[in-house]
Amino acid sequence: MNASSTPRIAIIGYGSQGRAHALNLRDSGFDVRIGLRPGGPTEHKARADGFAVATPAEAVREADIVAVLTPDMVQPQLYGEVIEPNIRHGACLLFAHGFNVHYGQIVPREDLDVVLVAPKGPGALVRREYEIGRGVPAVYAVHQDRSGRAEQLALTYCAGIGGARQNAIRTSFREETETDLFGEQAVLCGGAARLVQAGWETLVAAGYQPEVAYYECLHELKLIVDLFYEGGITRMHEFISETAQYGALTRGDYVIDDHARAQMQRILAEIQDGTFAREWIAEYASGNARYRALKQADLAHPIEATGKQLRAHMAWLGSGAPAAPAAPSAAPAAAPQTEAA
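Residues numbered from 1 in each chain as written. Predicted model: local features only at pLDDT ≥ 70, side-chain atom pairs only at ≥ 80, totals over all residues. Heavy atoms only, no water.

### A few points about the pairing of strand β1 (residues 8–12)
Stated formally: Summary of the burial criterion: residues with accessible area below 20% of their type's maximum are buried, those above 50% are exposed, and those between are partly exposed, where the area comes from a 1.4 Å probe applied to protein chains only. By the criteria applied, helices consist of DSSP H or I runs no shorter than four residues and strands consist of E runs no shorter than two, each listed in order from the N terminus. Note on pairing: two strands pair once DSSP finds at least 2 bridges between them. With strands facing away from the observer, any crossover in which the path from the first strand over the helix to the second runs clockwise is taken as right-handed.
With four of its five residues buried, β1 lies for the most part within the structure. Here five bridges tie β1 to strand β2 (residues 31–35), and the two strands are oriented parallel to one another. Across the sheet, the residue bridging to isoleucine 11 is isoleucine 34, located in β2. After leaving β1, the chain enters helix α1 (residues 16–27) and then returns to the sheet as β2, a path that is right-handed. Across four bridges, β1 lies against strand β4 (residues 65–68) in parallel orientation. Across the sheet, the residue bridging to isoleucine 9 is isoleucine 65, located in β4.

### Observations regarding a nonpolar patch on the surface
For clarity, the threshold we go by: Patch construction takes residues with relative accessible area above 30% that form no salt bridge. Like charges are linked within 9 Å, and nonpolar side chains (Val, Leu, Ile, Met, Phe, Trp, Tyr) are linked within 5 Å. For every accessible area listed, the method is Shrake-Rupley and the probe measures 1.4 Å; residues are considered covered only by the protein chains on display. For this document, the term salt bridge refers to a Lys or Arg side-chain nitrogen within 4 Å of an Asp or Glu carboxyl oxygen.
Taken together, Leu195, Tyr254, Val255 and Ile256 make up a surface patch of nonpolar side chains, about 410 Å² in accessible area. Within the secondary structure, tyrosine 254 sits in helix α12 (residues 242–255). Take tyrosine 254: its relative accessible area is 59%, and that puts it in the exposed class.

### Digging into the nonpolar core
The condition is simple: By convention a nonpolar core is built from buried Ala, Val, Leu, Ile, Met, Phe, Trp, Tyr and Cys residues, the set being connected through side-chain atoms within 4.5 Å. Should any heavy atoms of two residues lie within 4.5 Å, those residues are counted as being in contact.
Judged by nonpolar contacts, the single largest core of 28 residues is most densely connected at Ile11, Tyr14, Leu25, Val32, Ile34, Val117 and Tyr157. Counting residues per element, the ones that place at least two in this core are β1, α1, β2, β4, β5 (92–95), β6 (113–119), β7 (138–144) and α7 (150–160). It is α7 that contributes the most residues to this core, five residues altogether. Not counting the four nearest positions on each side in its chain, isoleucine 11 is found in contact with Gly18, His21, Ala22, Leu25, Val32, Arg33, Ile34, Gly35, Ala67, Leu69 and Tyr157.

### Overview of the packing of aromatic side chains
Two aromatic rings, taken as a pair, are described by how far apart their centres are and by the angle between their planes. Convention followed: Between 30 and 60 degrees the pair is tilted, below 30 it is stacked and above 60 it is edge-to-face, where a pair is any two Phe, Tyr or Trp rings, Trp via its six-membered ring, whose centres lie within 6.5 Å. Lysine NZ or arginine CZ positioned within 6 Å of the ring centre and within 35 degrees of the ring normal marks a charge as sitting over the ring.
The tally for this structure, following the rule as stated, stands at five aromatic pairs. Considering the side-chain rings of tryptophan 280 and tyrosine 284, the 6.0 Å spacing of their centres and the 75° angle between planes classify their relative orientation as edge-to-face. With tryptophan 280 and tyrosine 284 both in helix α14 (residues 275–285) and four residues apart, the pair spans about one turn of that helix. Overall, the relative accessible area of 23% leaves tryptophan 280 in the partly exposed class. On the basis of relative accessible area, tyrosine 284 is assigned to the partly exposed category, the value being 35%. Seen from the ring of tyrosine 130, arginine 165 lies directly overhead, with NZ or CZ sitting 4.3 Å from the centre.

### Comments concerning the environment of asparagine 167
Within the element layout of this structure, asparagine 167 appears in the loop between α7 and β8 (169–170). On the basis of relative accessibility, which here comes to 57%, the residue asparagine 167 falls in the exposed class. In sequence terms asparagine 167 and glutamate 220 are 53 residues apart; their C-alpha atoms lie 30 Å from each other.

### Looking at the pattern of salt bridges
Enumeration over the complete set of coordinates arrives at 19 salt bridges. Between arginine 146 and glutamate 110 there is a salt bridge, with the nearest N and O atoms lying 2.9 Å from each other. Taken together, the positions of arginine 146 in the loop between β7 and α7 and glutamate 110 in the loop between α5 (99–102) and β6 put the pair 36 residues apart, joining distant regions of the chain. For arginine 266, the salt bridge identified is with glutamate 270, shortest N-O distance 3.6 Å. Of this pair, arginine 266 and glutamate 270 both sit in helix α13 (residues 258–272), four residues apart, roughly one helical turn. The class for glutamate 270 is partly exposed, based on a relative accessible area of 30%. Where salt bridges share partners, they join Arg8, Asp64 and Arg88 into one cluster.

Now the structure itself:
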């Protein structure tokens, strides 16, 4: 590929991120081919979206950029059996998460450019923001620069999916991987879910109605997260009541105390030294029995039954249409504080 040509891109995988990347790249004028195993569950969807679909090996052979957008745990075998034998000399190998490269599960061929482009949002949001002329912020990284143009290729791809419409931040495979895992485990998924469950359990054990506890500990969390998203903790303080502010400022440290911070340090240390990666790789290789049991326990938590009953009466959720804006978010900046929290 010469410096002025538009790279041919192979998208390997057509899940949430794969579909969004492919559609955005095509709309940005790129030549995109989808690599999928014949008869797989997403082949029909990709063809219905108007893409040329080939086997992964065929798609890889013709590409200047190969974007690996399959689940983390299938990537090492995919790389070893399909990508490495077929990717052309000097091509660019692109990931959306640095897990396998950072933890040595994939050791890319020496002649390849190896980059990362990671949108900070799920695939549906990546697509939706692109369609309305905006873009989800992204981070990018360069692991190997054999051509001297690896960063340019990463930024070209980032622009193609809409990530460069916002502030694309350069990072490293290590930083992206470790911060992403930490955020998921300590805050976004592990921490938030356990906080919600523990709050609900505390209220129900004290004799309060499960439905009321659900609203207070789970349902209304969206109101606060929307404020965080729009303007950080500052915006939350602008829109919650003084009573809520004082309670948060004086009681939040009861929950996130020195012990909780020490546990966060433990989570980070296990990510940094590879403990978590080794555990997850071994779990996947052994058949995922523990993973499935833990997930089933989460799905069977009694807050889920309560929530299912309540959400059945929330018509805006069942239609697939977006929920109405939260009242605090819709208010003008100078609006008086609300009692929503």
